[in-house]
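The chain contents come next:
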Amino acid sequence: MENLLLVEDDQALAMGTEYSLKAEGYGVIVANQLSMARQVLFQEEKEISLVLLDVMLPDGTGFEFCREIREQGLMVPIIFLTAVAEEANIVQGLEIGADDYITKPFRVKELLSRVKAILRRQNQYARIGEETGKTAPQEKENQRIYFGGYVMDLDNYRLYLGSVPVDCTPSEFRLLRELLVHRGQVLTREQLIQRLWDVDGSFVDDNTLSVYIKRLRDKFPGIKDCIQTVRGVGYQYVEKKV
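Residues numbered from 1 in each chain as written. Predicted model: local features only at pLDDT ≥ 70, side-chain atom pairs only at ≥ 80, totals over all residues. Heavy atoms only, no water.

Student: Help me understand the overall build of the protein chain, please; the structure alone is not making it clear to me.
Tutor: Looking only at helices and strands, one finds nine helices and 14 strands in the protein chain. Here the protein chain holds 242 residues, and 47% of them are scored as buried. Considering only intrachain contacts with a sequence separation of at least 6, the fraction spanning at least 24 residues in the protein chain is 61%. (Helix = DSSP H or I, 4+ residues; strand = E, 2+ residues; numbered from the N terminus. Buried < 20%, exposed > 50% of the residue type's maximum accessible area, 1.4 Å probe, protein only. Contact = heavy atoms within 4.5 Å.)

Structure representation (C-alpha cells):
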C-alpha cells in the first residue's frame, strides 16, 4: 500500500479527501499543521509516496515545507492544494520544487487522476532502477546519459556534475530525460504533457510546462541554449556546436 501525506487544515476538506483516497486503496496520514507534517516526514521517517500540501496553514506556508523537503534531499513528489488561483502563486510553488498543483475546490476525479499519474511515473522509474541494478557492470554504462558536462544516472534517478550530485525534482528529471532521449527532435507541448503527467490534458495548465522549461534553463545554465523553443509547437534539445 502506498502512503500519502495530506497536509490540510480545513477539517471538512481533509476528511473528504482522505475518504476518497482511502477508497482507492491508498494509506493516508493527515496533518493539519506543518509541525505534524515535519514529524511524520523527518522524525518518524515514515515511507511516504506522495505529499498533498495546502499552501496556507496555521503555523506557516506549504512553500516553506516544500523548500525544507527539497533541502533535505527528499525526492518525494509534491502536489500543492491551493485556493489561490493567481499565476504568481502557482509558479512559485512549481519553482521551489513541487511536481504539480490543483486549485480548490477540485473535483475528486481530477485529484485522483493526478495522484495516480505521478505515482505511476515514480514506480516506472523505480522499476528501471531495480532491473538495471541486476545487470552486469559493463551494461550499466548504457543507463547513463551524458550532456554538457552532466551525467544523468537512470539507475538511481540522479543527476551529477562530474561527481557532484545536482538537486533535481522528479518532474524536472523526467522532462530533461525526454528532451535528451529525443535530442534533435521537436517534441510538441501536447506530447510532453502527456508523457510527463499522463492525464487528461484538461487537468494540466499549459503554463506548467513553461515553468518547468524555465526551471531547467535556470538550473543548468551551461545547456540553457540547448533547450530551444520551437514557437507555436514545442521544444527540442540541440547539442552545442563545438
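Student: Would you explain the environment of Leu192 in this entry?
Tutor: Looking at the secondary structure, you find Leu192 in helix H8 (residues 189-197). Taking the C-alpha atoms as reference points, Leu192 and Leu209, 17 residues apart in sequence, are found 8.0 Å from one another.

Student: What exactly am I supposed to notice about the pairing of strand E6 (residues 78-82) here?
Tutor: Successive side chains on a regular strand alternate, one facing one side of the sheet and the next facing the other. Along E6, five of the five residues are buried, which leaves the element largely enclosed by surrounding structure. Alternating residues of E6 divide into Ile78, Phe80 and Thr82 and Ile79 and Leu81, and every residue in both groups is buried. Here strand E3 (residues 50-54) runs beside E6; their pairing, made up of four bridges, is parallel. Residue pairing in the sheet places Leu53 in a bridge with Phe80 of E6. Pairing of E6 with strand E7 (residues 100-103) involves four bridges; the strand directions are parallel. Bridge assignment links Leu81 to a residue of E7, and that residue is Ile102. (Pairing = 2+ DSSP bridges.)

Student: Sorry if this is basic, but what is going on with the pairing of strand E2 (residues 27-31) here?
Tutor: Pairing of strand E1 (residues 3-7) with E2 involves five bridges; the strand directions are parallel. Residue pairing in the sheet places Leu6 in a bridge with Val30 of E2. After leaving E1, the chain enters helix H1 (residues 11-23) and then returns to the sheet as E2, a path that is right-handed. (Right-handed = clockwise from strand over helix to strand, strands pointing away.)

Student: What should I look at first to understand the sheet that holds E3 in this one?
Tutor: Hydrogen bonding along the main chain pairs the strands of a sheet, whether they run parallel or antiparallel. Read from one edge of the open sheet, five strands run E2-E1-E3-E6-E7, paired in parallel fashion. The open sheet is flanked by E2 and E7, the only strands paired with a single partner. Each strand axis lies, on average, 20° off the axis of its neighbour in the sheet, ignoring direction. Where E1 meets E3, four bridges bridge the pair, whose relative direction is parallel. Residue Leu4 lies in a different strand from E3, and its bridge partner there is Leu50. Along the sheet, H1 contacts E1, E2 and E3; its crossing angle with E2, the most-contacted strand, is approximately 165°. (Axes fitted to C-alpha atoms, helices over the stretch in contact; angles between N-to-C directions.)

Student: What exactly am I supposed to notice about the pattern of salt bridges here?
Tutor: If charged atoms from side chains of opposite charge come close, those side chains can pair. On inspection of all chains with the given rule, the structure shows 16 salt bridges. Between Arg38 and Glu68 there is a salt bridge, with the nearest N and O atoms lying 2.8 Å from each other. Here Glu68 lies in helix H3 (residues 62-71) and Arg38 lies in helix H2 (residues 34-43), a separation of 30 residues in the sequence. Since its relative accessible area comes to 23%, Arg38 is described here as partly exposed. Taking relative accessible area as the criterion, Glu68 reaches 22% and is therefore assigned partly exposed. (Salt bridge = Lys/Arg side-chain N within 4 Å of Asp/Glu carboxyl O.)

Student: Hey, could you run me through the sheet that holds strand E13 (residues 227-230) in this one?
Tutor: Read from one edge to the other, the open sheet built from three strands follows the order E12-E14-E13, with strand pairing classed as antiparallel. The open sheet is flanked by strand E12 (187-188) and E13, the only strands paired with a single partner. Pairing of E12 with strand E14 (residues 234-237), which is carried by two bridges, proceeds in the antiparallel orientation. Across the sheet, residue Leu187 finds its bridge partner in E14, namely Tyr235. This element, helix H7 (residues 170-181), spans E12, E13 and E14 of the sheet and lies at about 70° to E14.

Student: Sorry, what's going on with the side chain of Ser20 here?
Tutor: Looking at where Ser20 falls in the secondary structure, it is placed in helix H1. Ignoring any residue separated from it by four or fewer positions in sequence, one finds Ser20 in contact with Val108 and Leu112.

Student: Would you take a moment to explain H7 for this structure?
Tutor: The α-helix winds at 3.6 residues per turn, so residues separated by three or four positions along the chain end up facing the same way. Under the 1.5 Å per step criterion, the end-to-end length of H7 is 16 Å for 12 residues, consistent within 8% with the ideal 16 Å. Counting buried positions along H7 yields 10 of 12 residues, so the element is predominantly enclosed. (Expected span 1.5 Å × (residues − 1).)

Student: Could you clarify how one ought to interpret the packing of H2 against H3 in this entry?
Tutor: When two helices pack together, you describe them by how their axes are tilted relative to each other and by the distance separating the axes. Contact geometry of H2 with H3 gives a least axis separation of 11 Å together with a crossing angle of 15°. Here H2 is positioned roughly parallel relative to H3, judged by the angle of their axes. Handedness of the H2/H3 crossing: right-handed. Counting all contacts with H2, which are made through Leu34, Ala37, Arg38, Leu41 and Phe42, the residues of H3 involved are Glu64, Phe65, Glu68 and Ile69. When grouped by side-chain class, the residues that make up the contact of H2 with H3 number six nonpolar, no polar and three charged. (Parallel < 35°, antiparallel > 145°, perpendicular 65-115°, else oblique. Left-handed = near helix turned anticlockwise from the far one by under 90°. Nonpolar A, V, L, I, M, F, W, Y, C, P; charged D, E, K, R; others polar.)

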